[in-house]
Amino acid sequence: MSIALRSFAKINLGLKIGPRRPDGFHELRTVYQTLALHDVVRVDVQPGSGIEIRCDDPRVPLDESNTCYKMAEQVLKAVARGPLSVVVEIEKRLPVQGGLGAASSNGVATMLGLERALGLQIPADEKLRMAAGVGSDLPLFLIGGTVLGEGRGEEVQPLPEIPELHVVLVAPPIGVSTPRAFALWDELAVREPELTTAHGTGTIEAFGQSVLSWLNSSFYPQAGPASGVPAGGGNRAETPLLDLVRTGIENDFERVVFPEYPELYEVKRVLQREGAAYASLSGSGSTLFGLFESEREARGAAARMNAAGHSAVTTTTVTRERYWNDLFEC
Ligand code: C5P
């Protein structure tokens, strides 16, 4: 049986890195947001044996290191249903090593595709556990929409929905290694210890406060699909966007990635000049995103950036409801 799924991208609306933990991971806090832009993952299960990954993009590994392979292995082990052959085909549209969580999202799509193909109902906590075992950025894709990430990023909980925002993504042809970006952060934290001490202004605790103040701001709890009440009575997109910007949440990875790749900082500046209400690196990059208040502004900015050679695309944020509605509707 073959199942096709949309494997959505994510951005980080802010990301604070804390100290390195004894297990080698870094404590972090982030707000993940899923986007409409997606890969397509097809999962095929037949009697037989073995896991095969197919993808036309030569940058995607097809061996046991692929998150889809790891996820399929975990699911098969958990359900132990006799010998099965699993083929996962990834139709790549998202950048590889781009900070958009593509590999993580592909892994979760594989799990959900297998669950459906095998007629299973794996308990939610079991799915979260398996996803976290494969990588820190997988569990968010079991929630969708706006998601708070804590711990090493794998402790996730749904946040109140933001109304659909217009997004311009620019994915420069640079792959940034996440472990390397964390190592650069450690070096910076030695030079500037206040970055990770409890009383620093930009610390993980301060980020927690910012997120709380954002959640408590005017668009919550009145706004959102459940109540149908527009935020602040004006442009639905405008208020949460401005509230978010006002919190001053930012992505700590910019501190170490921009000095290594000044061209990425330049792209952020261009997004800001083009009118983005908020522009940032996503994850450890190299993708940058800009949030715009209207589709017209986003399209205009993307067109001008493309004309200037930046390879920009437009998309929108995806609410939790739309995420789950559209997941299997390929
Ligand atoms: O969990 P994931 O496989 O995505 O992590 C990849 C690498 O990124 C880890 O091996 C670790 O070096 C680094 N990492 C970290 N702190 C985190 C998440 C990832 O140091 N919170």
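Residues numbered from 1 in each chain as written. Predicted model: local features only at pLDDT ≥ 70, side-chain atom pairs only at ≥ 80, totals over all residues. Heavy atoms only, no water.

S.K.: Explain the overall build of the protein chain to me, using residue names and the numbers behind them.
M.R.: Tallying secondary structure elements over the protein chain gives 10 helices and 10 strands in all. Relative to its 330 residues, the protein chain shows a buried fraction of 54%. For the protein chain, the share of sequence-separated contacts (at least 6 apart) that also reach a separation of at least 24 residues comes to 74%. Accessible area for the protein chain stands at about 14400 Å²; split by element, carbon and sulfur atoms hold 51% of it. (Helix = DSSP H or I, 4+ residues; strand = E, 2+ residues; numbered from the N terminus. Buried < 20%, exposed > 50% of the residue type's maximum accessible area, 1.4 Å probe, protein only. Contact = heavy atoms within 4.5 Å. Areas by Shrake-Rupley, 256 points an atom, 1.4 Å probe, with all protein chains shown as cover.)

S.K.: Account for the pairing of strand E7 (residues 166–170), with residues named and values stated.
M.R.: With 5 of its 5 residues buried, E7 lies for the most part within the structure. Burial along E7 is two-sided: His-166, Val-168 and Val-170 and Val-167 and Leu-169, pointing in opposite directions, are all buried. In terms of strand pairing, E7 meets strand E9 (residues 288–292) through 5 bridges, oriented antiparallel. Paired with His-166 across the two strands is Phe-292, which belongs to E9. With 5 bridges connecting them, E7 and strand E10 (residues 312–316) associate as antiparallel partners. Directly across from Val-170, in E10, lies its bridge partner Ala-312. (Pairing = 2+ DSSP bridges.)

S.K.: Outline the packing of helix H2 (residues 102–117) against helix H3 (residues 124–134), listing residues and values.
M.R.: Two elements in contact, H2 and H3, have axes separated by 11 Å at closest approach and are oriented at 140°. The orientation of H2 with respect to H3, classified from their angle, is oblique. H3 is crossed by H2, and the crossing has right-handed handedness. Facing H2, whose interface residues are Met-111, Leu-112 and Glu-115, H3 presents Lys-127, Met-130 and Ala-131. Taken together, the residues of the contact of H2 with H3 break down into 4 nonpolar, no polar and 2 charged. (Axes fitted to C-alpha atoms, helices over the stretch in contact; angles between N-to-C directions. Parallel < 35°, antiparallel > 145°, perpendicular 65-115°, else oblique. Left-handed = near helix turned anticlockwise from the far one by under 90°. Nonpolar A, V, L, I, M, F, W, Y, C, P; charged D, E, K, R; others polar.)

S.K.: Pulling in residues and values, what's your account of unusual backbone geometry?
M.R.: Put simply, Gly-285 and Ser-286 share a cis peptide bond, and its omega is 10°. Turning to its location among the elements, Ser-286 is positioned in the loop between strand E8 (278–281) and E9. Residues other than glycine seldom take positive phi values, yet Ser-311 does so here, at roughly 55°. Relative to the assigned elements, Ser-311 resides in the loop between helix H9 (295–307) and E10. The class of Ser-311 is partly exposed, set by a relative accessible area of 47%.

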